[in-house]
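A look at the structure
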Amino acid sequence: MTPGGRRRLQGALPGVLRASPGLAGAGVAVGVAALLPLGYLVARSFDRGTDVAFSLLWRERTLELLVRSAALAGAVTAACLVIGVLSAWLIVRSDLPGRRIFGVLFTLPLAVPSYVAGFTWISELPELAGFTGAFLVLTLVSYPYVLLPVVAALKSSDPAVEEVARSLGKGAVRTFFLVTLRQVRPAALAGGLLVALYVLSDFGAVSLMRFEAFTVGIYTSYRASFDRTPAAVLGCVLVAVAVAITLVERRARGKAATFGQARVGAGAAREAGVVPLGKARPAALAGAVALLVLALGVPVASLVHWLSIGRRTVDLPRLLGAAWSTLEVSGLGALLTVLLALPVGVLAARYPGRLSRSVELASFAGHALPGITVGLALVFLGIRLLPGLYQETPLLVFAYAVLFLPLAVGAVRTGVAAAPVRLEEVSRSLGKRRLETRLRVTFPLAAPGIAAGAALVFLTCAKELPATLLLRPTGTDTLATELWSKTEIGSFGAAAPYAAVLIVVAAVPSVVLGHFLRTRAIDPAGGNR
Amino acid sequence: MARSFLSKLTACAAAVALAVPLVTACGASESDALVIYSGRNEGLVKPILDKLQAATGTKVEVRYGGSAEFASQLLEEGDNTDADLFFSQDAGALGALAQAGMLEKLPQDVLDLVPAGFHAKDGTWVATSARARVIAFDPKQVKEAELPATLDEVVDPKWKGKIGYAPTNGSWQAFVTSIRVLKGDDYARQWLAKFRANEPQRFENNIAILGAVNAGQVPLGLINHYYYFEKVAEEGAQNVRAKIHFARGADSLSLLNVAGVGVLENSNKADAARKAAAFLLSEEAQRYFADGTAEYPVVEGVASTEHDLPPLSSLKGPDIDLSQLSSLEETLKLLQEAGLS
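Residues numbered from 1 in each chain as written. Chains lettered and ligands numbered in written order. Predicted model: local features only at pLDDT ≥ 70, side-chain atom pairs only at ≥ 80, totals over all residues. Heavy atoms only, no water.

1. Some words on the overall build of chain B
Assigned secondary structure in chain B consists of 14 helices and 10 strands. Projecting the C-alpha coordinates of chain B onto the three principal axes gives extents of approximately 80 × 60 × 45 Å. Counting every position in chain B, which comprises 341 residues, the buried fraction comes to 57%. Long-range pairs, those at least 24 residues apart, make up 74% of the contacts in chain B between residues at least 6 apart in sequence. As presented, chain B carries roughly 14000 Å² of accessible surface, and 52% of it is formed by carbon and sulfur atoms. Counting 32 positive and 44 negative side-chain charges, chain B places the centres of these two groups 6 Å from one another. (Helix = DSSP H or I, 4+ residues; strand = E, 2+ residues; numbered from the N terminus. Buried < 20%, exposed > 50% of the residue type's maximum accessible area, 1.4 Å probe, protein only. Contact = heavy atoms within 4.5 Å. Areas by Shrake-Rupley, 256 points an atom, 1.4 Å probe, with all protein chains shown as cover. Lys, Arg positive; Asp, Glu negative; His and termini not counted. Charge placed at Lys NZ, Arg CZ, Asp CG, Glu CD.)

If you want it as structure tokens, here you go:
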């Protein structure tokens, strides 16, 4: 069947008809699980009646918070798109000196928790407080969400289109804007979506920078008035914003998705040639170094400073215990998240249709919510529905899955999309059942992409704090909770080793992720379908 | 080969992921330990909570977190909670739980251990230690006799640019809340406007204020008393240039705030929990707070052997229901309006 014929067929038949009942059922179950916190939020919003809920919603304050958060998310996303695309292009296509090393270092800021970056910046430059500081810190920690998928897209896109443009007399700069930028647009947009949702959900950086964003409003409602209803109403608004952004991104990406993805020539992928930077080379190098100094140098230097003045000796068994707990809960978190993402990602990649679109959208619902909101929702539900699991590892791991599902869904979707359908058809024609085909053909081919998604989820779990504090087993301390506990009483010297180990633990998967992406074209954010 | 290995791995992983919760669910049982939610930091109170097991004769399980977050968590848990005792950094979080009917009335003999005003009027919580608002000052720039004695004197133009404060700190916010509670929102609003017009210097926290006063960068700072005593204990009295002054008045400048405990209404270990509350008011525990964390003991007759704390009864302080310090949202609004947030 020609691709065109396949697309027409898919348009004619609802996708759900062709997905096996098991797969569709699993996808729907995951979608419902991901919507649990939202269900709780809606119920909590209306627990004092519809009037109260609407009067809380129609307040000037809601609009103020919304405008501030939207402005911040818009600005950070725009900056991340520019920085992410430029730096990806520099390490993949240009003759930037040391681009392999930059390729590794550029992904490392993913390992720096926003509260650590925020703390270092505000203590060095208190005048940054407000929008500027929040913008700076969030941009520096989240541009890799754009960089990673764009690197993958640049690696996998066909260099021939660019060559055609060059042969038609377009210069390097015009080719970049006319061809390259359009080729990476879907990948960049998918990364941008993750950035926007992350900014909406972040509390660490905005609170340290005293920028009153939506999440600060939510926290204030919990902390300052012990009132959960306004917090729930604000949470619902945040989910609505997330859904709107996701839909806008999907439309924008849908239009751009096909450009340059069809190769001009069939056959094995070919590496694109290196574009000489010429006179711009020193400026590009300076820019790359400056980015690293701001995103990595500042937090690391500050940590080294605190490490050096920490007078008391480090409680090594405790530090190692926290590191082990972090590995354990984050590893399980990554595992469960990827397992739950499998049916959603397979549906999205293989059976586009209303069902798969709805399930995928549902999986994004929890991602814009701050950890405390999802955590409290699971406190309420967990203690009532699964009292045996309350404040045990499985419920914490489930919270991670709800919070970070989109990171894995994108990876699974692209990974599966990259595995040729034809091989599945061969397997089926040889009499293998559908599930067996999936396990023996599709998943092994998609495995690198899925592993990249797992790495991303792992490092995000390791940095998570508020839900971990609420749901961890009593007596289990992770690096993040220890870091919080030490800084709460101002013991920054004692906190520094925990921050350092946390960054190292999170850096390992981010290096692996970067390596995957440079050697094989995998896209964790799922831009390239 | 590789493929079948991967598919087996995936299958095993799926099986494990599904099995772990089930196994845990079967193994879990009602905890037989006394469960304490401690909003007070582990680094501050672990040594004394470690002694609870011996004092109550029950196994003790302590969960550490933030006081306000624990209040929200307990409200969500409701009647299903496993927690028996809530140890809070401030009375506000205890007040919120009491209001929701989640705290039992403590035995009168426990309440009677502390002066009136250091327990809830309805007996749902009792203070375990206190902290005082003080003025840190640099004796090289200001004489103690010249220091402001009332709120109105703090905003006198002669202190323009000379006062350090920490606007995002909980201790400052509780201080402003107490102004609101004692004198009303209008007075608080006007006071904040004058305070701001006096161009105070903002700092990140109390430690930073004290450091700046000690270095002579700012003559006065509004802080809590124990930061000073911790600094003196760490660096030696002769090496600390800054001093602190207790206003000893009847307004918020002399506010005494508390940490305290409440027993959960639904506790199945209420007896042990009450014993634990009583233990925290025992001489041993009170001395621990006085010596270990430089806080004020709330039981009369216990004095610090390490820190030179003036007796609690000499500090006077305003007559205030500390549960009311939970109305923080209005305070934050006022601070924002005043441009001091």
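Let us keep going from here.
2. Quick look at the overall build of chain A
Along chain A, the regular secondary structure elements total 23 helices and 0 strands. What you see for chain A is a C-alpha radius of gyration of 23 Å, in line with the 24 Å of a compact globule of 529 residues. Principal-axis analysis of the C-alpha atoms places the extent of chain A at approximately 65 × 60 × 50 Å. Burial status across chain A gives 58% buried among its 529 residues. Sequence separation of 24 or more characterises 84% of the internal contacts of chain A that already satisfy a separation of 6 or more. If you sum the accessible surface of chain A, you get close to 20700 Å²; carbon and sulfur atoms cover 67% of it. Averaging the positions of the 50 positive and the 27 negative side-chain charges in chain A gives two centres separated by 10 Å. (Rg over C-alpha atoms; globule rule 2.2 N^0.38 Å.)

3. Thoughts on the interface of chain B and chain A
Listed by partner, the interface residues are 50 residues for chain B and 46 residues for chain A. Carbon and sulfur atoms make up 57% of the area that chain B and chain A hide from each other, which totals about 4100 Å². Where chain B packs against chain A, one counts 3 salt bridges. Taken together, the links from chain B to chain A amount to 18 residue pairs in polar contact (both at pLDDT 80 or more). Counting residues per element, the ones that place at least two in the side of chain B that touches chain A are α1 (2-27), α2 (42-49), β2 (60-64), α4 (67-77), α5 (91-99) and α14 (328-337) of chain B. (Buried area = accessible area lost by both parts, 1.4 Å probe. Salt bridge = Lys/Arg side-chain N within 4 Å of Asp/Glu carboxyl O. Polar contact = N/O pair within 3.5 Å; in protein donor to acceptor, adjacent residues only side chain to side chain.)

4. Description of helix α9 (residues 159-167) of chain A
Residues and elements named next belong to chain A. Looking only at α9, the buried set comprises Pro159, Ala160, Val161, Glu162 and Ala165. Tucked inside the fold, the buried residues of α9 contact α10 (172-201). Of the residues one or two after α9, Gly169 is the one with positive phi, at around 95°.

5. Topic: unusual backbone geometry
The phi torsion at Arg210 of chain A lies on the positive side, around 55°, for a residue other than glycine. Following the sequence through the fold, Arg210 of chain A ends up in the loop between α11 (204-208) and α12 (214-225). The class for Arg210 of chain A is partly exposed, based on a relative accessible area of 25%. Phi is positive for Ala294 of chain B, close to 55°, though the residue is something other than glycine. When you line up the elements, Ala294 of chain B lands in the loop between α13 (283-292) and β10 (296-297).

6. A closer look at the pairing of strand β4 (residues 126-137) of chain B
All names here are of chain B. For β4, the buried fraction is high: 12 of the 12 residues fall into the buried class. Alignment of β4 against strand β9 (residues 256-263), held across 6 bridges, turns out to be antiparallel. Within the sheet, the bridge partner assigned to Ala130 lies in β9 and is Val258. Pairing between β4 and β10: 2 bridges, direction antiparallel. Counterpart to Ala130 in the pairing with β10 is Tyr296. Sheet topology note: the β4/strand β7 (residues 220-224) ladder contains 5 bridges and is antiparallel. Of the residues in β7, the one forming a bridge with Val134 is Ile223. (Pairing = 2+ DSSP bridges.)

7. Things to note about the side chain of Ser325 of chain A
Residue and element names in this part refer to chain A. Relative to the helices and strands, Ser325 is located in helix α15 (residues 316-350). Exposure remark for Ser325: the relative accessible area of 12% places this residue in the buried category. If sequence neighbours within four positions are ignored, Ser325 has contacts with Thr476, Asp477 and Thr478.

8. Quick notes on the nonpolar core
In terms of nonpolar packing, the biggest core is built from 242 residues, with Phe106, Val150 and Leu471 of chain A together with Leu49, Phe86 and Phe118 of chain B touching the most fellow members. Here this core takes 16 residues from helix α18 (residues 393-418) of chain A, the largest share from any one element. With near-sequence residues (within four places) excluded, Phe118 of chain B lies in contact with Trp125, Val126, Ala127, Ala130, Leu256, Val258, Val298 and Leu312 of chain B. In this structure, Phe137, Leu151, Trp191 and Ala247 of chain B belong to the second largest nonpolar core, which totals 27 residues. (Core = buried A, V, L, I, M, F, W, Y, C linked by side-chain atoms within 4.5 Å.)

9. Remarks on a nonpolar patch on the surface
A contiguous nonpolar surface patch, about 440 Å² in accessible area, is contributed by Val42, Phe46, Phe54 and Trp58 of chain A. Looking at the secondary structure, you find Val42 of chain A in helix α2 (residues 21-45). (Patch = residues over 30% accessible without salt bridge, like charges linked within 9 Å, V, L, I, M, F, W, Y side chains within 5 Å.)

10. Points about the confidence of the model for chain A
All names here are of chain A. Averaged over all residues, the pLDDT of chain A is 85; the fraction at 70 or higher stands at 90%. The lowest-confidence element of chain A is helix α1 (residues 3-12), averaging 44 in pLDDT; the highest-confidence one is helix α7 (residues 131-142), averaging 96. When the criterion is pLDDT under 50, residues 1-17 qualifies, and its contacts beyond four places in sequence or with other chains add up to 13 contacts. Within the model, pLDDT remains below 50 along residues 260-268, and this stretch shows 14 contacts once partners closer than five positions in the same chain are excluded. (pLDDT = per-residue confidence, 0-100.)

11. Section: the environment of Glu488 of chain A
When you line up the elements, Glu488 of chain A lands in helix α22 (residues 479-488). Considering only alpha carbons, one finds Glu488 of chain A and Val32 of chain A, 456 residues apart in sequence, at a separation of 37 Å.

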